Amino acid sequence: MTGGGLAAARSRWRAVSAYDVRGRLLALPAWVRLLLLVALIAFVYGLPYMTIPVLDTPGSNFATVLFFPVGMYVLCAVGLDLAVGRAGIVNFGFAGFFALGAYTMAWLATKHGVDFYATLPIAAVVGALAALILGVATLRLRGDYLAIVTLAFGLIVVAIINNTSALGGINGISGVPHPGPLLGLSFGTFDAAPYDILLFTIIILVIFAIMRLFNSRVGRAWSAIRQDEDVAELMGVPTFRFKVAALVLGGAIGGLAGSTYAAQAIYVSPDQFDVTLSVLFVSAVVLGGAGNLFGVIVGAIVIAYLPERFRGFEDLRILVFSAVLTLMMIARPQGLIPRRRHGVRRPGSRATSDPLPLAGQPPVSAVERGSAMLDGPSEPGGGL
Amino acid sequence: MSALYHQFAAFTISGLTVGAIYALLASGYTIVYRILGLFNFAHGGVFMVGTFIALFVARGMNTNPSVASSALIGIVAMVVAAAAATTVLSVGLEFSIFRPIRIRQGGGLPALVAGLGAISVLQEIFAKWQGHYPVRVPQAVGSSTVTTIFHGDLHVSQLVVFVGAMATLILLQRYVALARTGRALRAAGQDAKTAALMGINVERVVIVSFVIAGLTAGVAATLSNIYLGSTWYFEGFSLGIKGFTAALLGGMGSIGGAIAGGLVLGLAESYGAAVFGVEWQDVIAFAALVLVLLIRPRGIVGERMATVRA
């Protein structure tokens, strides 16, 4: 599919509806797509160094906002979506992984002088281990019960940190050292731009790895579990193991995000990782469209960026933000950019005059209800 | 440990009192869940609004807590006003948020997030209006001791809260079990489609469930004001999450489960605080939830839901 087939490419472009952005993108020749991708990545990397009047955040430094909350929310939402969107586990404790990562970094760096780059993988492992314990202990529970147990997990992590004097208790740990210089980037206290570059690189690598994973046996297993766990199990998919895997991978990403956060923020304390943060992560995933990587990223950016953009309103911003979130859920319950293939309900298939869901469907599978009931056979080539 | 040993009765009494409030809150979550399979996170916010309405009434009435008749009139007025407000709010949320999402077939997760958005909106409104710090509630009942059980003092407020909550819950349980509407409620909870085919107006039943949730939230709000003596904008989230935990602990969907879950959670917290210290109270509460669910995945009493669920 090189430039030679321009006429063919044009006819493919025409064949796709203008509303089907993804389809239109796929209809482009490969080199154009690559060019667009490079341009997008260049734009993203350039963002911390630019001042764009409309995008800029009055009241807070734009480069800092890009690091936290925007970049962090994107990374965490991508990690969380592995559980929520792929394996169908609603995880309300993701901030727990984030906190563990941040505290791993803070504790190892301040008490034992371990280098930032050495701590990154350790923090990821800590997050993964926590997720493994959480998963093995609780994944036998049904979806909606599980959601609350994960919420409890997040609360327990924060409460334990609060009550552990070795971790600074409610006072937290301050004086977390910055990362050493890397590839010409030097990490200081005031300029957040180098941290943005570091974080964006991590995000891009994670997204790349995840996309590779989605196209593999693991990805197909998750897809099968999400559509119908029982059928997947009957077809020989070890559903429990794959669900734990989704949670563990998400935990590792959360740990990674947390440790990077701690290195920039210098100071970590338990109240930075309360339930609200977990709830906002879930909101980002659901708002963007669980199970759609691009949607989840957009959702995270919206959730993180909007409150910063409207800092002018100060105390009203959370109120406005919550109201907007609620209205968005009413207007577009399937998310801003719904899951493709199985998640999107066809317009004609809406059940009329029956606003009631089948009672007894747990929320997690209720999210999948559209896919389970209304869509046709499972995806082609889904054999595992 | 010795604190628990020496004051076992006192810890039991306070655990049961708090547990009764948890149980009332749990019943509000459970009744909506039974019909819709919905985790109504906005319920905590509804409860919080109720506590403030009860607070305003208490301020306005200025009753004399040491005179029984005056105190009783005060309590009744608070319950009526708070329950009226919470019921209107609860049903209002159903009409404005949950029903539109159901009509769009949004499923449980968007409804859950919308509920979280709603509780956040309510919290922000009251944080702005009433401040970010706990507000003291005028004393509604006397602080005298009714009786002493095994060296544990039983205060009037504890007796009022426990009896009030249990009476409400037993009334509710009897209503669901015996009344015609209660039967419709159970039928719709089992199978909404079949219930509709049998001539039950399921949408009306849904509204009834939100009305019940609102009423119990109003009673719970008054009782929690009486017992805790203060409220603030975050009351709905902090107590709501406990009520929720209690509902899960007992088994979603059943009033009996809400009672059992609430009391067990209250006792576990109280005993746990006595042994490990108050700062570990929340950890103990949630650890208790995880432990119980590991042994009995559908809660202590078991879930009331006839539909076979994946």
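Residues numbered from 1 in each chain as written. Chains lettered and ligands numbered in written order. Predicted model: local features only at pLDDT ≥ 70, side-chain atom pairs only at ≥ 80, totals over all residues. Heavy atoms only, no water.

A. Spotlight on the overall build of chain B. Tallying secondary structure elements over chain B gives twelve helices and four strands in all. When its C-alpha atoms are laid out on the principal axes, chain B stretches across 55 × 45 × 35 Å. Here chain B, with 310 residues, has 58% of them falling under the buried criterion. Long-range contacts, defined as pairs at least 24 residues apart, comprise 77% of the intrachain contacts of chain B with a sequence gap of at least 6. Roughly 12,100 Å² of accessible area belongs to chain B as shown, and the carbon and sulfur atoms make up 66% of that amount. Between the mean site of the 18 positive side-chain charges and the mean site of the 10 negative ones, chain B shows a separation of 12 Å. (Helix = DSSP H or I, 4+ residues; strand = E, 2+ residues; numbered from the N terminus. Buried < 20%, exposed > 50% of the residue type's maximum accessible area, 1.4 Å probe, protein only. Contact = heavy atoms within 4.5 Å. Areas by Shrake-Rupley, 256 points an atom, 1.4 Å probe, with all protein chains shown as cover. Lys, Arg positive; Asp, Glu negative; His and termini not counted. Charge placed at Lys NZ, Arg CZ, Asp CG, Glu CD.)

B. Representation of the confidence of the model for chain B within the structure. Across chain B, the average pLDDT comes to 88, with 97% of residues at 70 or higher. At the level of chain-chain contacts, confidence expressed as ipTM amounts to 0.83, with global pTM at 0.82. (pLDDT = per-residue confidence, 0-100.)

C. Quick look at the environment of Trp 107 of chain A. Residues and elements named next belong to chain A. Considering the arrangement of structural elements, one finds Trp 107 in helix H5 (residues 94–111). Of the residues examined, Trp 107 reaches a relative accessible area of 34% and is grouped as partly exposed. Along the chain, Trp 107 and Val 268 lie 161 residues apart, while their C-alpha atoms are 9.9 Å from each other. Apart from the residues within four sequence positions on either side, Trp 107 is in contact with His 112, Ala 166, Leu 167 and Ile 173.

D. The arrangement of the packing of helix H3 (residues 42–61) of chain B against helix H9 (residues 202–228) of chain B in detail. All names here are of chain B. In the contact formed by H3 and H9, the axes pass within 8 Å of each other and the chain directions differ by 50 degrees. Taken as axis vectors, H3 and H9 run oblique relative to one another. Seen along the crossing, H3 lies across H9 with a hand that is right-handed. Within the contact between the two elements, H3 uses His 43, Val 46, Phe 47, Gly 50, Thr 51, Ala 54 and Leu 55 and H9 uses Ala 213, Ala 217, Ala 220, Ala 221, Thr 222, Ser 224 and Asn 225. Across the contact of H3 with H9, the residue classes tally to eight nonpolar, six polar and no charged. (Axes fitted to C-alpha atoms, helices over the stretch in contact; angles between N-to-C directions. Parallel < 35°, antiparallel > 145°, perpendicular 65-115°, else oblique. Left-handed = near helix turned anticlockwise from the far one by under 90°. Nonpolar A, V, L, I, M, F, W, Y, C, P; charged D, E, K, R; others polar.)

E. Structural view of the pairing of strand E2 (residues 145–149) of chain B. All names here are of chain B. Two strands pair when backbone bridges link them, and E2 and strand E3 (residues 152–155) are joined in this way by four bridges, in the antiparallel orientation. Paired with Thr 145 across the bridge in E3 is His 155. Taken together, E2 and the strand that follows it, E3, pair antiparallel across an intervening segment of two residues, in which Phe 150 is found at a positive phi of about 45 degrees. (Pairing = 2+ DSSP bridges.)

F. Representation of the confidence of the model for chain A in the model. Predicted confidence across chain A gives a mean pLDDT of 79, with 84% of residues reaching 70 or more. Considering only residues more than four positions removed or in separate chains, one finds that residues 342–384 of chain A, a stretch of pLDDT under 50, has 84 contacts.

G. Layout of a nonpolar patch on the surface. A contiguous nonpolar surface patch, about 620 Å² in accessible area, is contributed by Leu 34, Leu 37, Val 38, Leu 40, Phe 43, Met 50 and Leu 55 of chain A. For Val 38 of chain A, the location among the structural elements is in helix H3 (residues 30–46). (Patch = residues over 30% accessible without salt bridge, like charges linked within 9 Å, V, L, I, M, F, W, Y side chains within 5 Å. Salt bridge = Lys/Arg side-chain N within 4 Å of Asp/Glu carboxyl O.)

H. View of the pattern of salt bridges. All names here are of chain B. Under the criterion given, the structure shown has eight salt bridges over all chains. A salt bridge links Glu 269 to Lys 242; the shortest N-O distance between them is 2.9 Å. Of this pair, Glu 269 sits in helix H11 (residues 255–276) while Lys 242 sits in helix H10 (residues 235–250), and the two are 27 residues apart along the sequence. The closest approach of N and O atoms between Lys 242 and Asp 282, which form a salt bridge, is 3.0 Å. Of the two residues, Lys 242 is situated in helix H10 and Asp 282 in helix H12 (residues 281–295); the sequence distance between them amounts to 40 residues.

I. Focus on the nonpolar core. Phe 92 and Phe 273 of chain A together with Phe 39 and Met 252 of chain B are the most contacted members of the largest nonpolar core, which totals 194 residues. If you tally residues by element for this core, the top one is helix H4 (residues 62–86) of chain A, at 16 residues. Counting ten residues, the second-largest nonpolar core is a separate cluster that includes Met 48, Val 135, Val 137 and Tyr 233 of chain B. (Core = buried A, V, L, I, M, F, W, Y, C linked by side-chain atoms within 4.5 Å.)

J. Seen up close, the packing of aromatic side chains. Inspection of the entire model under this criterion finds 31 aromatic pairs over all chains. Seen in terms of ring centroids, Phe 92 of chain A and Phe 41 of chain B are 6.4 Å apart; in terms of plane orientation they differ by 55 degrees. Their pairing is tilted. Linking Phe 92 of chain A in the loop between H4 and H5 with Phe 41 of chain B in the loop between helix H2 (8–36) and H3, this pair reaches from one chain into another. Phe 41 of chain B sits in the buried class, given a relative accessible area of 6%. Residues Phe 52 of chain B and Phe 56 of chain B carry aromatic rings whose centres are separated by 6.3 Å and whose planes lie at 45 degrees to one another, so their mutual orientation is tilted. One end of the pair is Phe 52 of chain B and the other is Phe 56 of chain B, both in helix H3 and four residues apart, which spans about a single turn. Of the residues examined, Phe 52 of chain B reaches a relative accessible area of 0% and is grouped as buried. One aromatic cluster is present, formed by Phe 68, Tyr 73, Phe 94, Phe 97, Phe 98, Tyr 103, Phe 153, Tyr 261, Phe 273 and Phe 281 of chain A through successive ring pairs. Lying over the aromatic face of Phe 214 of chain A, Arg 86 of chain A brings its terminal NZ or CZ to 3.7 Å of the ring centre. (Phe/Tyr/Trp six-rings, centres within 6.5 Å; stacked < 30°, edge-to-face > 60°. Lys NZ or Arg CZ within 6 Å of the ring centre and 35° of its normal.)

K. Layout of helix H4 (residues 68–103) of chain B. Between its first and last C-alpha, H4 of chain B extends 50 Å over 36 residues, near the 52 Å set by a 1.5 Å rise per residue. Count one or two residues on from H4 of chain B and you reach Gln 105 of chain B, which has phi positive near 55 degrees. (Expected span 1.5 Å × (residues − 1).)

L. Quick peek at the packing of H4 of chain A against helix H11 (residues 239–265) of chain A. Residue and element names in this part refer to chain A. Following both chains from N to C, one finds H4 and H11 inclined at 170 degrees, their axes separated by 7 Å at the closest point. Taken together, H4 and H11 sit at an angle that is classed as roughly antiparallel. The interaxial crossing formed by H4 with H11 has left-handed handedness. Residues Thr 64, Phe 67, Phe 68, Met 72, Leu 75, Cys 76, Gly 79, Leu 82 and Ala 83 of H4 form the contact with H11, whose participating residues are Ala 246, Leu 247, Leu 249, Gly 250, Ile 253, Ala 257, Thr 260, Tyr 261 and Gln 264.

M. Inspection of the environment of Lys 111 of chain A at higher detail. Residue and element names in this part refer to chain A. Looking at where Lys 111 falls in the secondary structure, it is placed in helix H5. Sequence spacing of Lys 111 and Ile 173 is 62 residues, and the spatial spacing of their C-alpha atoms is 9.9 Å. Not counting residues within four places of it along the chain, the set of residues in contact with Lys 111 comprises Ala 106 and Ala 166. A distance of 3.3 Å separates a polar atom in the side chain of Lys 111 from the backbone oxygen of Ala 166. (Polar contact = N/O pair within 3.5 Å; in protein donor to acceptor, adjacent residues only side chain to side chain.)

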